[in-house]
Amino acid sequence: MSGASPRLSPALNVVVSAVRKAGRRLLRDFGEVEQLQVQSKAPGDFVSEADMRAERTLREDLSRARPGFAFLMEESGASGDKDWEWRWVVDPLDGTTNFLHGIPHWAISVGIEKRTGEGKSEVVAGVIYNPAADELFWAEKGMGAFLNDRRLRVSGRRDMTQALFATGIPFAAVPRKGEFVQTLARLMPQVSGIRRFGSAALDLAWLAAGRYDGFWELGLNKWDIAAGLVIVREAGGYASSPDGGDAYAEGNVVAANPHLHPRLREAVSEGIAAVAARRPEGA
Ligand code: 2AM
Ligand code: CA
């Protein structure tokens with residue numbers, strides 16, 4: 001962090017150093033990928049190696065600082081004590097497709113999750129770092145959300161006709177394409193614009209920063225959204241699943257500023273209902 005921030009807790013400090021270090025490495029690899037594109041060599045394997053390497057260095061740095069914490073990581077899954085009290089939820093490279101195509105819109109995302117009871121837990125802090133822009137988004141529950149050293153606040157837009165929403169278009173492996181199309185059909189005529197930039201973590205961070213007014217996507221993983229959800233909420237945004245449930249547990253996210261959250265939830269719920277209505281009974 002540029003200019004030591006007195007607000008950072010020790011655990012967040014650990015995360016910030018770790019993501020900055022992994023970010024420097026990834027940025028060098030990103031430069032290489034751009035070269036490979038020019039030479040039209042297949043950069044896919046190179047990118048998976050960069051991704052794995054980033055995950056390994058994050059794991060090393062985080063576990064050295066907090067040996068008792070468990071992990072949930074995109075590449076290696078869950079590890080550590082099954083009865084964890086704390087765990088790191090890590091996406092070493094969110095926006096891999098952008099990275100692969102030389103598009104500087106990808107990030108490292110780390111959430112800190114605390115178990116609060118039998119089968120219950122809560123993400124209490126998160127960091128999302130975009131090395132290409134040198135933007136570090138972070139938040140700690142009850143302490144607010146920040147971009148580098150600046151306090152974040154979601155937008156105040158109330159009018160759907162002025163709203164800019166982000167989403168993720170379902171890709172090959174993801175079901176629920178019909179729901180996406182139905183939701184899009186409902187929203188398109190109402191809003192100022194819809195963006196698909198390819199990193200769920202950065203979508204949430206940008207919503208927290210007031211750049212977007214809302215975000216929705218179905219079928220996400222915990223590592224895509226752990227940090228982003230706490231950053232959005234600490235910036236004053238609302239986040240839930242389409243029916244008002246737990247976005248983190250379900251992986252189905254509707255997040256927006258408080259004025260537009262009900263409207264976005266309604267559009268996504270209607271999109272889902274439209275597909276369900278077409279399905280034969282029991283399918
Ligand atoms: P990833 O880059 O870590 O894989 C966007 O829809 C979200 O879906 C991203 O956060 C992205 O995270 C994830 N995703 C997983 N597989 C993808 C794919 N094949 N294409 C696009 N996004 C993918
Ligand atoms: Ca991801």
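Up top is the structure these notes are about.
All residue numbers refer to positions counted from 1 along the written sequence of the respective chain. Think of it this way: whatever chain is written first is A, whatever ligand is written first is 1, and the rest follow in order. In view of the model being predicted, local features appear only for residues whose pLDDT reaches at least 70, and side-chain atom pairs are presented and counted only at 80 or more, with totals across whole chains, interfaces and linings using the full set of residues. Hydrogens are left out, water is left out, and the side-chain values use all remaining heavy atoms of the structure.

1. Regarding the coordination of the calcium ion (ligand 2)
To keep it simple, the criterion reads: For Na, K and Ca the donor cut-off is 3.2 Å, and for all other metals it is 2.8 Å, counting N, O and S atoms only; because water is absent from this set, sites may look incomplete. Counting from the N terminus, the helices are DSSP H or I runs at least four residues long and the strands are E runs at least two residues long. Relative accessibility decides the category of a residue: with a 1.4 Å probe and only protein chains considered, values under 20% of the type maximum give buried, values over 50% give exposed, and everything between is partly exposed.
Coordination of the calcium ion (ligand 2) by the protein involves Asp91 (OD), Asp94 (OD) and Asp224 (OD), with metal-donor separations of 2.1 to 2.2 Å. Binding-site remark: the calcium ion (ligand 2) is held by donors from one chain whose sequence spacing is D-x2-D-x129-D. Of the two residues, Asp91 sits in strand S3 (residues 86-94) while Asp224 sits in helix H6 (residues 222-234), which places them 133 residues apart along the sequence. For Asp91, a relative accessible area of 1% gives the class buried.

2. Some words on the site of ligand 1
Stated precisely, the cut-off is as follows: For this description, a residue counts as near a given molecule or strand if any of its non-hydrogen atoms is within 4 Å of it. In the analysis that follows, any N or O atom pair within 3.5 Å is treated as a polar contact, provided that within protein one partner can donate a hydrogen and the other can accept it, and provided that, for residues neighboring in sequence, both atoms belong to side chains. Surface accessibility follows the Shrake-Rupley procedure with a 1.4 Å probe radius. Residue values consider only the protein chains on display as shielding. Residue type decides the class: Asp, Glu, Lys and Arg count as charged, Ala, Val, Leu, Ile, Met, Phe, Trp, Tyr, Cys and Pro as nonpolar, and the leftover types, Gly among them, as polar. Per the annotation, domain bounds derive from an automatic or database assignment of domains.
The environment of ligand 1 is formed by 14 residues, the closest being Asp94, Gly95, Thr96, Phe171 and Glu217. Here an oxygen atom of ligand 1 and a side-chain polar atom of Glu74 are 3.1 Å apart. Within the backbone of Gly95, an N or O atom sits 2.6 Å from an oxygen atom of ligand 1. In isolation ligand 1 exposes 470 Å². Once the protein is present, 78% of that is buried. At the level of elements, S3 and helix H3 (96-100) are the ones that each hand at least two residues to the shell around ligand 1. Its residues assigned to classes, the shell around ligand 1 comprises 3 nonpolar, 5 polar and 6 charged. Residue-level mapping places the shell around ligand 1 at the junction of two domains, with at least three residues from each of domain 1 (10-151) and domain 2 (160-277).

3. Describing the packing of helix H4 (residues 177-187) against helix H8 (residues 261-278)
Helix packing geometry: the angle between the two helix axes and the distance between the axes. What counts here: The axes used here are C-alpha line fits, helices contributing only the stretch in contact, and every angle between their N-to-C directions lies in the interval 0 to 180 degrees. Each angle gets one of four labels, with under 35 degrees taken as roughly parallel, over 145 as roughly antiparallel, 65 to 115 as roughly perpendicular, and the rest as oblique. Two helices that cross are described as forming a left-handed crossing if the nearer one is turned anticlockwise from the farther one by less than a right angle, and a right-handed crossing if clockwise. Residue contacts are defined here by distance: any two heavy atoms, one from each residue, within 4.5 Å place the two residues in contact.
Running from N to C, H4 and H8 cross one another at 130°; their axes reach a closest spacing of 8 Å. When the axes of H4 and H8 are compared, the pair comes out oblique. Seen along the crossing, H4 lies across H8 with a hand that is right-handed. Mapping the contact onto sequence places Gly178, Glu179, Gln182, Thr183, Arg186 and Leu187 in H4 and Leu264, Ala267, Val268, Glu270, Gly271, Ile272, Ala274, Val275 and Arg278 in H8. Of the residues in the contact of H4 with H8, the class split is 7 nonpolar, 4 polar and 4 charged.

4. What to know about the pairing of strand S7 (residues 144-147)
The condition that has to hold: Two strands qualify as a pair provided DSSP detects at least 2 bridges between them.
Here S7 shows a buried face lined by Gly144 and Phe146 and a second buried face lined by Ala145 and Leu147. Sheet topology places strand S6 (residues 135-140) next to S7; 4 bridges connect them, and they run antiparallel. Directly across from Ala139, in S7, lies its bridge partner Ala145. Counted along the chain from S6 to the antiparallel partner S7, the turn is 3 residues long, and its residue Gly142 has a positive phi close to 85°. Alignment of S7 against strand S8 (residues 150-151), held across 2 bridges, turns out to be antiparallel. Looking at S8, one finds that Leu147 is bridged to Arg150.

5. Overview of the nonpolar core
Note the threshold: Take the buried Ala, Val, Leu, Ile, Met, Phe, Trp, Tyr and Cys residues and link them wherever side-chain atoms come within 4.5 Å; each set so joined is a nonpolar core.
Residues Ile128, Phe137, Leu152, Leu204, Phe215, Leu229 and Val253 are the most contacted members of the largest nonpolar core, which totals 39 residues. Looking at this core, the elements that each hand over two or more residues are strand S5 (120-130), S6, S7, strand S9 (164-167), helix H5 (200-208), H6, helix H7 (247-250) and strand S13 (253-256). Mapped onto the domain boundaries, this core takes at least three residues apiece from domain 1 (10-151) and domain 2 (160-277). In this view, Val253 contacts Leu204, Phe215, Trp216, Glu217, Leu220, Ile225, Leu229, Ser240 and Ala247; residues no more than four positions away in its chain are not counted. The next biggest cluster of nonpolar side chains, apart from the first, holds 35 residues, and it includes Val19, Leu26, Met73 and Trp138.

6. Comments concerning the side chain of His261
With respect to the helices, strands and loops of the structure, His261 is situated in helix H8. Classification of His261 by relative accessible area gives buried; the value is 7%. Among the polar contacts made by the side chain of His261, one reaches the side chain of Ser240 at a distance of 3.2 Å. Contacts of His261, omitting those with residues within four sequence positions, involve Tyr238, Ala239, Ser240, Val254, Ala255 and Ala256.

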